[in-house]
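An overview of the molecular structure
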Amino acid sequence: MGCMQSRMGRHDAIITDGALPISTSDSASTQLKEFNPPKWASDEPMTLEQLQSQRDAFWDTAPAYEGKPEVWEALRRLCECSSLSEARAVAEAVPLNFPTGKVTDGCYDTLGNFYLLPSYCLSLPSNLSSSPPTIQSPSNGSEAPLLTPDPFSQKTLVDGLPAPNMKVRIRFNTSEDLLAEVSRQDTLAQVRERIILARGWGADAPSIRFIYLGKILAPTSTLLSHKISDDSVIQAQVSDFKA
């Protein structure tokens, strides 16, 4: 399953079907020329630990949806580079084609698959917090952690899936609806996992492409990033079902 659209936010990661491969013969057009960290802010202030959890979730999920695992692994190493020359060496070893020369504008592999990295993998948010927010304890006046759910470390009902906090309606292209309990922090890949669990599908579960308000949703993007709220309707195109 591949997905493509005219333009997505930099907090999303997308890949295309690879129908139109980009030539890598011209090194001038493929070379990474700019490795400047993007400026961005999270929806809520987050700690470094929360940011790392979000990054880990992205890298664990991205290879499951098209693209080449070795390219995702190379991109992960690239994001950890501290200089342009180091990042360029990683990119050239794959090789990767950067049409604009900027890491923030995405790249192609030799098959024409397009990869766009979320900003949170490339830099720190401007509102990074050094510690969890605190409140005054009514009993002794000492500071205590603010008792609000942490979306990146909350208890889970199923391994790897955050506890649900809202319901959305999944409308399949088979003219069937499913009322799914999800978390606002779920990626679309995690929503697919919830559907698989709800339906009892196994390893041969179908591919699912999600669409909301006419926009194809990247598997690694979150419901929150698309402003999907309680009772929203998400279109789901199911294909390659082998059960």
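Looking at an unreviewed UniProt entry, the protein carries the name Ubiquitin domain-containing protein 1, with the source organism given as Entomophthora muscae.

Attention now goes to the pattern of salt bridges. Two side chains of opposite charge can pair, provided their charged atoms sit close to one another. In this structure the tally under the stated criterion is seven salt bridges. Between E181 and K167 there is a salt bridge, with its nearest N and O atoms 4.0 Å apart. Remark: K167 occurs in strand 9 (residues 166–172) and E181 occurs in strand 10 (residues 177–182); sequence separation between them is 14 residues. What emerges from the salt-bridge pattern is a single network uniting R169, R171 and D177.

Let us now look at the environment of L128. Inspection of the secondary structure puts L128 in strand 4 (residues 128–129). The partly exposed category is assigned to L128, whose relative accessible area is 32%. Sequence-distant contacts of L128, that is, excluding residues within four places in its chain, are made with M46, T47 and L48.

A few words now on the sheet that holds strand 11 (residues 207–212). Read across the open sheet, the five strands follow the order 10-9-13-11-12; overall the sheet is mixed. Two strands close off the open sheet at either side, each with one partner strand: strand 10 and strand 12 (215–216). With six bridges joining them, strand 9 and strand 10 adopt antiparallel strand pairing. Bridging across to strand 10, R171 finds its partner in D177. Against the sheet, helix 5 (residues 188–199) makes contact with strand 9, strand 10 and strand 11, and its axis sits at roughly 120° relative to strand 11, the strand it touches most.

With 27 residues, the main nonpolar core has F58, W59, W72, L75, L78, F98 and L117 as its most contacted residues. Listed by contribution, the elements that provide at least two residues to this core are helix 2 (48–61), helix 3 (69–79) and helix 4 (84–93). Ranked by the residues each element gives to this core, the list is headed by helix 3, at six residues. Those residues within four positions of L78 in sequence are excluded, and the remaining contacts are L32, F35, A87, V90, A91, F98 and V103. Counting residues in hydrophobic clusters, the runner-up holds 21 residues, among them F172, V182, F210 and I228.

Rules used throughout
Residues numbered from 1 in each chain as written. Predicted model: local features only at pLDDT ≥ 70, side-chain atom pairs only at ≥ 80, totals over all residues. Heavy atoms only, no water. Salt bridge = Lys/Arg side-chain N within 4 Å of Asp/Glu carboxyl O. Helix = DSSP H or I, 4+ residues; strand = E, 2+ residues; numbered from the N terminus. Buried < 20%, exposed > 50% of the residue type's maximum accessible area, 1.4 Å probe, protein only. Contact = heavy atoms within 4.5 Å. Pairing = 2+ DSSP bridges. Axes fitted to C-alpha atoms, helices over the stretch in contact; angles between N-to-C directions. Core = buried A, V, L, I, M, F, W, Y, C linked by side-chain atoms within 4.5 Å.

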